[in-house]
Structures are given as C-alpha cells and as structure tokens.
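Below, each chain spelled out in residue letters.
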Amino acid sequence: MRPHHLTARLWFAGALLACLLPPQLRLGWWLPVHMLLLGSASQLISGGQIKFSSTLAMAPPPGLRHILGSLGLLNLGAALIAAGRLSGTEAVVGAGAAAFLTGTVWSGLVADTQWRRGLGTRFRVTRTYYRLAGISIVVGGSAGATLALGILSDAESRLSHHLVHMAFNLLGWSVLTIAGTAITLLPAVLRVRAENVGSTWAPWVTFTGLLTIVTGLTLDLPLLAAAGGGGFVAGLIPFGLVALLVGQRPRRFPVPVSALHLLAAVLWLFVVAALQVGSLGLGNGAATRALWLVGLGGGSVVQAVLGAWSFLLPMEMPVGGELRRLHLVAFEKGARTQVAAYNIGLILLLLSLLGPSPAGTQAAGLILAWTAAAWGLFKACTFVWIARWPSVGAAATLWWKPRR
C-alpha cells in the first residue's frame, strides 16, 4: 500500500489547503470534501482491500501492474472530476467518472482474486463486505456522475439523487469496507487477540438496509427509508459487538492513537446509523445530509484514515523492531489532544448544521477539526523525522514497558 499511502497523503494535504480558498473557488465545500473522500479515502479503501484480502486469505501478493494500474486510474479519475467541475466542462467530468469507476472495479477484482488464490478462510466475511462495497461504489459513482453531468434538471430529483449518491458512497463503499477491515485491524492496533466473526449474514443485512434506504429516497417514501435505516443498524450489530469485545480485552500496552481514532470512527458510525432512522422517517433531507457528511464522512471515514495511518505507515517501513517502535510512538505526540479536538470539532460542526446554535459554533468546529487533521497529516508525513526526537525515545521506553 505504499503507493496508495503516498497519493492519499497528497490528496489529503490538497483538501486541507482547499479549505482555505474562497468559497466560490472551492465550490462551497465540494472541492475539499471530494478531495478527502474521492481522492484520499477511496484510494486507501481500494489499496486496503487488496492488502487485507492478500493477508487474510494468505495469498501471494498481486502483480505490481495491477496495483499501480488501478491506482493510476483512481488518481486520474479524481483529478479529472475535480478539473471538470471547477471548469464546468461536462466531458471532462464524464471521462473522470469513467476512469475512477474503472479503477475501483479493477482494484476490487484484484482483491477478490486474492481470496480465490489464498488458503485462509477464517475471515471470509471480510470478502463479502468488500464485494458489497465494490457494488456500492459503482452505483454511487454512477449516480454522482449523473448529477455532475446535469442529466437531472428539476431540484427535487437532484436532491433525492444526491442523497442516493451519498448513501452508496458513504454507507456502502466506505462503511462496509471499514466494517470488513476493522474486525482484524482493530485487534492488531490494540495488540490483542482477534475475535472470531461468525455472523456471515451481517453484511447482507446491512446491504439490504442500504438498498431499502435508497428505494425509500428514490420513491419519496420516508417510512420505507427509515425501515431501511433500522435494517442497516441491525446488520451492524455483530460488527459492533466484535469491536466492543476487542476493546475490552486486557492489554499489555497503552491504547495508541490509531485505536483511539478507529474506536471513535466506530462510535460515530453507530451514532449516525441510529440518528438517521429519525431523519429519514421525517423526510428531513438536510439533516440526513449533515449526518452523513459530517458524521460518516468526517467522523468515520476521515478518522479511520488518520487511525490507519498511525499504525500502517510505521508497520510498512522496512526497518528493525526497535526503530519501528519509535516510529509508532512518534504518532503519539499530541495524540490525545488531536483525537479530542478533532471529535469536538465535528460535534460542534454537526450541531451548527442540525439547528440553531450559538454564533461561531460552526467556525470553531471547523478550526478544531482542521487543525487536528492537519497535525495528524503532519505526523503521517514526518514520523520518521519525529522518531529521532529525544522526547520520543524517552516516551518509547515507557510506552513499550509491558503492564503486569
């Protein structure tokens, strides 16, 4: 995943810089949001599916041409979509959507091939999550392209179609991948034994809930959409129980920042999944959009990216054990403040979007979340240098001292 991590960090940095542009240049919040989710998160999702499929299936690594080829299309697609939207050129947007979707299908097929080539069967449920996530991004991406190309003219159709686009991309592509990955990544970052996952029906129930949500939105049937939201929650319960059991296991070492971000991402996922039942049932599209954009996009997806970087980047460095421990501890600099500031910022931002709030609430939330995300990105780019700080060496001595 090293090429994926590199390009994802570049897109993440671009998104943070885009936040500083005037609103008319960044198309409101469209540009930074799509740079984060389409550029950064989607590349890590695609690369993560390949990596974890290879690892869990105990399969030989795929060919480099598949990794770089699919990643190249993802980057090209995201760049063309952004350029097309900024310039108002529909043909460029269409070409970008085609390239992006081709890249996601390619990487999904590579990931699925790894399961067929491998011998591991314990975590086959992850394969199901990944397959359903792949279907979701194809449908969600196609819906987004339809919106960008201006095929829908009336405002009501565009609003419902926009929610469908968000549902498949966030509830499907992102959440299903997070669920399928976290059942093994979370125990790894906490350094505890993984919990056995026997609920092979869970991803299908979750996906059925998603389809029901989308059907209700498309047909303007709020109660049907709310019922789908309830089914979505039901499908997530086994995953939540696994995360809860893993989080409660006795540990020999402190909880790292990677686990804090991942656990917070899971918590945001369940909070949004529960609250969306009400907003969907009331037909409140604005509230649903705010929950998905801030709660899922920022709270679950972007936060999962920050948590994954804190663990995967040091673990993929070709160094010895002692230096790797320093690299891991480098991410603990300001970690508690980072996690707290980021999540408090998202809470303030969400409250400002859901209803009346004190003046400055939204600005304060944006500043807190932006600053914390920028600090997390800074460490993701400079942890090798930070690991040389004397304070990190001293902290590592205490950090890796096992608890009795």
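Residues numbered from 1 in each chain as written. Predicted model: local features only at pLDDT ≥ 70, side-chain atom pairs only at ≥ 80, totals over all residues. Heavy atoms only, no water.

(A) The arrangement of the overall build of the chain in detail. Helix and strand counts for the chain come out as 14 helices and zero strands. If you list the helices and strands of the chain from N to C, you get α-α-α-α-α-α-α-α-α-α-α-α-α-α. Against the compact-globule benchmark of 22 Å for 404 residues, the chain has a radius of gyration of 20 Å, which places it among compact chains. Once the C-alpha set of the chain is aligned to its principal axes, its extents read approximately 60 × 50 × 40 Å. A sequence separation of at least 24 residues applies to 80% of the contacts in the chain between residues at least 6 apart. Taking the 28 positively charged and 9 negatively charged side chains of the chain as two groups, their mean positions are separated by 16 Å. (Helix = DSSP H or I, 4+ residues; strand = E, 2+ residues; numbered from the N terminus. Rg over C-alpha atoms; globule rule 2.2 N^0.38 Å. Contact = heavy atoms within 4.5 Å. Lys, Arg positive; Asp, Glu negative; His and termini not counted. Charge placed at Lys NZ, Arg CZ, Asp CG, Glu CD.)

(B) Spatial organisation of the packing of helix α10 (residues 285–315) against helix α11 (residues 321–330). Between α10 and α11, the shortest axis-to-axis distance is 9 Å and the interhelical angle comes to 160°. Classified by the interaxial angle, the pair formed by α10 and α11 is roughly antiparallel. Handedness of the crossing formed by α10 with α11: right-handed. Between α10, through Ser310, Phe311, Pro314 and Met315, and α11, the contact on the second element is made entirely by Arg324, His327 and Leu328. Among the residues forming the contact of α10 with α11, the class breakdown is four nonpolar, two polar and one charged. (Axes fitted to C-alpha atoms, helices over the stretch in contact; angles between N-to-C directions. Parallel < 35°, antiparallel > 145°, perpendicular 65-115°, else oblique. Left-handed = near helix turned anticlockwise from the far one by under 90°. Nonpolar A, V, L, I, M, F, W, Y, C, P; charged D, E, K, R; others polar.)

(C) Here's a closer look at unusual backbone geometry. Its identity is not glycine, yet methionine 58 carries a phi of approximately 55°, on the positive side. Secondary-structure assignment places methionine 58 in the loop between α2 (30–56) and α3 (64–87). On the basis of relative accessible area, methionine 58 is assigned to the exposed category, the value being 55%. (Buried < 20%, exposed > 50% of the residue type's maximum accessible area, 1.4 Å probe, protein only.)

(D) Quick look at the pattern of salt bridges. Inspection of every chain in the model, using the stated rule, returns six salt bridges. The shortest N-O distance in the salt bridge between arginine 131 and aspartate 112 comes to 2.8 Å. Within this pair, whereas arginine 131 is found in helix α5 (residues 124–148), its partner aspartate 112 is found in helix α4 (residues 90–117), the two being separated by 19 residues in sequence. When its relative accessible area of 44% is taken as the criterion, arginine 131 is described as partly exposed. Here glutamate 332 makes a salt bridge to arginine 336, at a shortest N to O gap of 3.4 Å. For glutamate 332, a relative accessible area of 16% corresponds to the buried category. Linked by salt bridges that have partners in common, Asp112, Arg116, Arg127 and Arg131 make up one network. (Salt bridge = Lys/Arg side-chain N within 4 Å of Asp/Glu carboxyl O.)

(E) Layout of the packing of α4 against α5. Taken N-terminus to C-terminus, the directions of α4 and α5 make an angle of 170°; their axes are 10 Å apart at the nearest point. Judged on the interaxial angle alone, α5 and α4 are roughly antiparallel. Counted together, Glu90, Val93, Ala97, Phe100, Leu101, Thr104, Val105, Asp112, Trp115 and Arg116 of α4 and Arg124, Thr126, Arg127, Tyr130, Arg131, Ile137, Val138, Gly141, Ser142, Ala145 and Ala148 of α5 form the full contact between these two elements. For the contact of α4 with α5, the per-class residue count stands at eleven nonpolar, four polar and six charged.

(F) Spotlight on helix α12 (residues 335–354). Between its first and last C-alpha atoms α12 spans 29 Å; for 20 residues at 1.5 Å apiece the expected length is 28 Å, and the two agree. In the core, the buried residues of α12 are packed alongside α9 (257–281), α10 and α13 (361–386). (Expected span 1.5 Å × (residues − 1).)

(G) Quick look at a nonpolar patch on the surface. Residues Val105, Leu109, Ile135, Val138 and Val139 make up a contiguous nonpolar surface patch of about 380 Å² in total accessible area. The element best represented in the nonpolar patch is α5, accounting for three residues. Position of valine 105 among the secondary structure elements: in helix α4. Residue classification places valine 105 among the partly exposed positions, given a relative accessible area of 38%. (Patch = residues over 30% accessible without salt bridge, like charges linked within 9 Å, V, L, I, M, F, W, Y side chains within 5 Å. Areas by Shrake-Rupley, 256 points an atom, 1.4 Å probe, with all protein chains shown as cover.)

(H) Structural view of the packing of aromatic side chains. The final tally for this structure, using the stated rule, is five aromatic pairs. When the ring of phenylalanine 239 is compared with that of phenylalanine 270, the centres are 6.4 Å apart and the planes differ by 15°; the resulting orientation is stacked. With phenylalanine 239 in helix α8 (residues 222–248) and phenylalanine 270 in helix α9, this pair connects stretches of sequence that are 31 residues apart. Looking at arginine 26, its charged tip hangs above the ring of tryptophan 29, at a distance of 4.0 Å from the centre. (Phe/Tyr/Trp six-rings, centres within 6.5 Å; stacked < 30°, edge-to-face > 60°. Lys NZ or Arg CZ within 6 Å of the ring centre and 35° of its normal.)

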